[in-house]
Amino acid sequence: MMTSPLDTLGTVLSTLRNASTKPLKNLIRGRRPRILIFIHSYPNYSETYMHEEIRSLIGQYDFKIITLWPSGYPRKDAFPFTLIQYNETSLVYGPIEEVNREFSSPHQQEFIEEVDAIIKDFKPDVMHAHYFGLGLLLNFLGERHKIPFTIRTHSMDILSEPQEKIDALCDAANSPWCKRVLAFPAFQDYLVESGLRPEKVVPCWPVVNFSRFFKPDHRAPTGKIACAGPAIPKKAHSDFIDLAMRMRESGLTFDLYTKGPHLATTQAYNEQAKNPVNIIYKDPDDMPDVYPHYDWFVYPSDPTLNKVGLPAAIAEAQANGLGVCWQELPGRRDEQLEFLGGGGYLFQCIEELPAILTQPYPDEMRQAGLNNAKKCDIEQHKVLLTEAWEQAIRKTAAAV
């Protein structure tokens, strides 16, 4: 009988929580393990899951962060990081056929030399990266320096990507230096079918700092509707503006929390519609105090692009007890319903929403959302990452 990704996730978590291990400090001369992290453009405000992953583990490990590209929209408070600009075709966003996988161009060699210097000084025990494309780099560095690594994939690095690119990234992750690939549950089988060895990939929900958002107490209605996310095409913020325009006489308030490369386009569209939406920005660390001012959270997406994965903002809103309405995406209904866990609605078009938003959020859905959001809590599933790190460190220590 086939085992579902979610069954696998539950089994792995149960096993790891019950495992007892000796302190790693005994194996690495009394110091904390050192993890070298690679992120494409830290500290982007919209990539909160990367920041929260580090925040949850910084008491156990020594981290050094390398970012390959400067953030155009940084969060307010970031961890220390080093920018080593990668002046070649992006390993994450670029076409795979344009990527030099040998890292032999002059620009790549300059980049590698700077990374080499950090590795020599920091002496990491493990490397870790966000986004599947950076597996190409970690595969190269792992072999070059004999350092194990892990990768956390997300959504845009897998969804609607050319098969040739996914195949190449799976091949890189099959490196003996790659110890684990974390992927959303719905992607596990796809990655295995694309050539990734089954033992490499473990299903994992998105990262949320659940305790900061959990507000289970009932609140009086506010008559306010929120939307949040970076101002980029796949988020379809024009649909939220269309919804507010359609409900202009409802007496409800519509607020969009965003900034990003398409902010000017969004603002212009809102102005053309006579400003039915208040466009605001709040730093991610301020958002736990923002959600309680709203009754509903609406998350539109562009179905033609189909690049929105499992938004952490939905789990944040659920943890706050908000009603959730999320755009249904082609071929992904079951995956989306599983992520919502009974705590929210899928909609196919905004015309469906006025009838929902003008009614109270059913309490059974609210309770389901509060419970469901816990599965994204980094404190619950960070063990999927740390177990791979500690296993790799122990293996290295045993070989010395």
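Here's a quick rundown of the structure.

Calculation notes
Residues numbered from 1 in each chain as written. Predicted model: local features only at pLDDT ≥ 70, side-chain atom pairs only at ≥ 80, totals over all residues. Heavy atoms only, no water. Helix = DSSP H or I, 4+ residues; strand = E, 2+ residues; numbered from the N terminus. Rg over C-alpha atoms; globule rule 2.2 N^0.38 Å. Buried < 20%, exposed > 50% of the residue type's maximum accessible area, 1.4 Å probe, protein only. Contact = heavy atoms within 4.5 Å. Areas by Shrake-Rupley, 256 points an atom, 1.4 Å probe, with all protein chains shown as cover. Lys, Arg positive; Asp, Glu negative; His and termini not counted. Charge placed at Lys NZ, Arg CZ, Asp CG, Glu CD. Patch = residues over 30% accessible without salt bridge, like charges linked within 9 Å, V, L, I, M, F, W, Y side chains within 5 Å. Salt bridge = Lys/Arg side-chain N within 4 Å of Asp/Glu carboxyl O. Pairing = 2+ DSSP bridges. Axes fitted to C-alpha atoms, helices over the stretch in contact; angles between N-to-C directions. Right-handed = clockwise from strand over helix to strand, strands pointing away. Core = buried A, V, L, I, M, F, W, Y, C linked by side-chain atoms within 4.5 Å. Phe/Tyr/Trp six-rings, centres within 6.5 Å; stacked < 30°, edge-to-face > 60°. Lys NZ or Arg CZ within 6 Å of the ring centre and 35° of its normal.

On to the overall build of the protein, then. Regarding its fold elements, the protein presents 15 helices and 13 strands. Relative to the compact-globule value of 21 Å for 400 residues, the protein shows a C-alpha radius of gyration of 22 Å, a close match. For the protein, the spread of C-alpha atoms along the three principal axes comes to 70 × 50 × 40 Å. For the protein, the residues scored as buried account for 56% of the 400 residues in total. In the protein, of all internal contacts separated by at least 6 residues, the share reaching a separation of at least 24 is 74%. Carbon and sulfur atoms form 51% of the exposed surface of the protein, whose accessible area is close to 17400 Å². Treating the 42 positive side-chain charges of the protein as one cloud and the 50 negative ones as another, the clouds have centres 8 Å apart.

Residues E97, E98, E164, D167 and D171 make up a contiguous surface patch of negative charge. Position of D167 relative to the elements: it lies in helix α5 (residues 163-173).

All right, on to the sheet that holds strand β10 (residues 278-280) then. By way of backbone hydrogen bonds, the strands of a sheet pair with one another, either parallel or antiparallel. The strand order β10-β9-β8-β11-β12-β13 describes an open sheet built from six strands, whose pairing is parallel. Each edge of the sheet is formed by a strand with only one pairing partner; in this case those strands are β10 and β13 (345-347). The average angle at which neighbouring strand axes cross in this sheet is 25°, direction not considered.

Burial along strand β11 (residues 296-299) is two-sided: the face carrying W296 and V298 and the face carrying F297 and Y299 are both buried. In the sheet, strand β8 (residues 224-228) pairs with β11 via two bridges, with the strands oriented parallel. Note that in β11 the partner of I225 across the bridge is W296. Looking at chain direction, β11 and strand β12 (residues 323-327) are connected through four bridges and run parallel. For V298, the partnering residue across the bridge sits in β12 and is C325. Read from β11 through helix α10 (residues 312-319) to β12, the crossover connection turns out right-handed.

Right, let's talk about the nonpolar core for a bit. Core analysis: the largest hydrophobic core is formed by 101 residues, its most contacted members being F38, L137 and F297. Other than its neighbours up to four places away in sequence, L137 contacts F38, L68, L91, F103, F111 and I112.

Following Y42, the chain continues into P43 via a peptide bond in cis, with omega recorded as 5°. Tracing the sequence through the fold places P43 in the loop between β1 (34-39) and α2 (48-57). Although it is not a glycine, A236 adopts a positive phi angle of roughly 50°. Within the fold, A236 resides in the loop between β8 and α8 (237-246). The backbone of N306 sits at a positive phi, close to 50°, despite the residue not being glycine. Structurally, the position occupied by N306 is in the loop between β11 and α10.

By convention here, two paired aromatic rings are described through the distance between centres and the angle between planes. Enumeration over the complete set of coordinates arrives at 19 aromatic pairs. The interplanar angle of 70° and the centroid separation of 6.5 Å between the aromatic rings of Y93 and Y131 together place this pair among those described as edge-to-face. Of the two residues, Y93 is situated in the loop between β3 (81-83) and α3 (106-122) and Y131 in the loop between β4 (126-130) and α4 (135-145); the sequence distance between them amounts to 38 residues. When its relative accessible area of 3% is taken as the criterion, Y131 is described as buried. One aromatic cluster in this structure is built from F213, Y291, F297 and Y299. It is K259 that lies over the ring of Y281; its NZ or CZ is 4.1 Å from the centre.

So, on to α4. For α4, the set of buried residues is G135, L136, L137, L138, F140, L141 and G142. Contact partners of the buried residues in α4: β1, α3, β4, β5 (149-152) and α5.

In this section: the sheet that holds strand β2 (residues 62-67). With parallel pairing, the seven strands of this open sheet are ordered in space as β3-β2-β1-β4-β5-β6-β7. A strand with exactly one partner marks an edge of an open sheet, and here the two such strands are β3 and β7 (201-203). Taken pair by pair, the neighbouring strands of this sheet meet at an average axis angle of 20°, ignoring direction. Across three bridges, β2 lies against β3 in parallel orientation. The partner of I66 across the bridge, within β3, is T82. Against the sheet, helix α15 (residues 383-399) engages β1, β2, β4, β5, β6 (178-183) and β7, with an angle of about 175° to β6.

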